[in-house]
Amino acid sequence: MAKIYYVGDWAIQLGPVYAESPFHHSVKGTEIFNYGKWLKEAIESTGEHQVTSVPGWDFYMLKPGEYEEILASYDAVIFSDVEARNFQLAPAFFKREGFGKQILTFPDRIRLTIEAVEAGMGVMFLGGWQSFSGDHGMGGWGRCRLRELLPVTCLDYEDLVESTEGYTAEVLDADHPILRGIDFSSLPPILGYNQVKPKEGGQVIARWAGTTDPLLAVGQIGKGRSIAYTSDPAPHWGCNFVFWEHYNRFWLNVAEWLVGVR
C-alpha cells in the first residue's frame, strides 16, 4: 500500500455579503470545500492506497519537526494550488515575543522535500491558479528550489492559459506505464492549464494539442520520481475531467508509477 500526503485543493467560501444600509454590511454563511475529493477517491478506489488530503493552511501551520515526520512516513507528496510562500514562511516567525531573545531560523521545507525525493520519495505537482508560476506569478515554484524537483520549466511571468471551449491532449509516448489502458483521445475539454516549457532531463508524455506546452511530464530526481500535470485535477479547470471514464484509472496509474509500483 502506498501512503500519499496531498496538500491543496481546499477552499473556504465566506458569504454572500449583504449591504443593508450605508453603515452596515454582513457576511452570512461559511462553507468549506474539499475540491481534492475526486483525486483522493480516485487513488483510493481500489482500496490499495491511502491518501491524506489536507488544506494548504494546515500545511502552512505545521510546527517545526512535523513536516519531517510526514516525509519519513509517506511514500509520496502531492502539491496542487500551493504557492511557494506556504513552504517559505513559518507562522513561528511572527511570534513577536521571540524577537531579540534568540536567533530565529527554522528548517527549510523545500530543502527537506528535495532531500526526501532524492532519497526515494515521489512528488507530484498539479496545476491551478496558485501552481507553477500561476496567476500574477503567485505560484512562485520556478523562483525557488522547487524548480529542482519539477520535470518542466516554469515561465517567468503569469502562465495561465484558459478557454471556455477547452483544450485537448496530444500523446507523445503512448507506451508509458502511466497511459496504460487509457484512451486519451476521449479526454473531455479541459478549461485551462499552466503553460510551462519542456526541461532537459524531463520526459514529456503528453502535451496540449496544437501547442508545444507539456500536459504531463515525468522525471527522475536521485532515487525518487517527479510528475507534473499542468492542469487542475479538480474543478474549475477540471469540471469535465473529474467525470471522465478514465479519471480513476489515470490517477491510479500516475500514483503507482510515482511510488515505483509500475
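Values in this document were obtained by computation on a predicted structure and should not be read as measured data.

> Would you mind going over the packing of aromatic side chains with me for this structure?
In this description, a pair of aromatic rings is defined by centroid distance and the angle of the planes. For the coordinates displayed, the defined rule picks out 23 aromatic pairs. The interplanar angle of 55° and the centroid separation of 5.8 Å between the aromatic rings of F59 and F79 together place this pair among those described as tilted. A residue pair is termed long-range when its members are at least 10 positions apart, and F59 in helix 2 (residues 56-60) and F79 in strand 7 (residues 76-80) qualify at 20 residues. Residue F59 is classed as buried on the basis of its relative accessible area of 0%. Exposure remark for F79: the relative accessible area of 1% places this residue in the buried category.

> I'm lost on the nonpolar core in this one. Help?
If you look at soluble globular proteins, the nonpolar side chains tend to sit buried side by side. One finds I178, L216, Y229, F250 and W251 to be the most contacted residues of the largest nonpolar core, which totals 37 residues. The greatest single-element share of this core, amounting to 7 residues, is contributed by helix 6 (residues 247-258). When sequence neighbours within four positions are dropped, the list of residues in contact with F250 reads I178, L179, I182, F184, L216, Y229, F241 and W244.

> Can you help me understand the pairing of strand 16 (residues 224-229) in this one?
Within strand 16, 5 of the 6 residues are buried, which leaves it mostly tucked inside the rest of the structure. Bridge count between strand 8 (residues 122-126) and strand 16: 4 bridges; the pairing is parallel. The residue bridging V123 from the neighbouring strand is S226, located in strand 16. Here 6 bridges tie strand 15 (residues 214-221) to strand 16, and the two strands are oriented antiparallel to one another. Across the sheet, the residue bridging to A217 is A228, located in strand 16. Taking the residues that link successive antiparallel strands as the turn, the strand 15-strand 16 hairpin has 2 residues, and the phi of G222 there is positive, at about 60°.

> It is not clear to me how the environment of I110 should be interpreted in this structure. Could you clarify?
Along the chain, I110 turns up in helix 5 (residues 109-118). Residues I110 and R145, 35 residues apart in the sequence, show an inter-C-alpha distance of 6.6 Å. Other than its neighbours up to four places away in sequence, I110 contacts F87, Q88, C144, R145 and L146.

> What's the story with the environment of H49 in this structure? I'm lost.
One can find H49 in strand 6 (residues 49-54). Look at H49 and you get buried, because its relative accessible area is 8%. Separated by 21 residues in sequence, H49 and K28 have C-alpha atoms that sit 39 Å apart. Not counting residues up to four positions away in its chain, the partners in contact with H49 are M1, A2, I43, E44, L252 and E256. Within the local environment of H49, its side chain forms a polar contact with the backbone nitrogen of A2, the two atoms lying 3.3 Å apart.

Rules and cut-offs
- Residues numbered from 1 in each chain as written.
- Predicted model: local features only at pLDDT ≥ 70, side-chain atom pairs only at ≥ 80, totals over all residues.
- Heavy atoms only, no water.
- Phe/Tyr/Trp six-rings, centres within 6.5 Å; stacked < 30°, edge-to-face > 60°.
- Helix = DSSP H or I, 4+ residues; strand = E, 2+ residues; numbered from the N terminus.
- Buried < 20%, exposed > 50% of the residue type's maximum accessible area, 1.4 Å probe, protein only.
- Core = buried A, V, L, I, M, F, W, Y, C linked by side-chain atoms within 4.5 Å.
- Contact = heavy atoms within 4.5 Å.
- Pairing = 2+ DSSP bridges.
- Polar contact = N/O pair within 3.5 Å; in protein donor to acceptor, adjacent residues only side chain to side chain.

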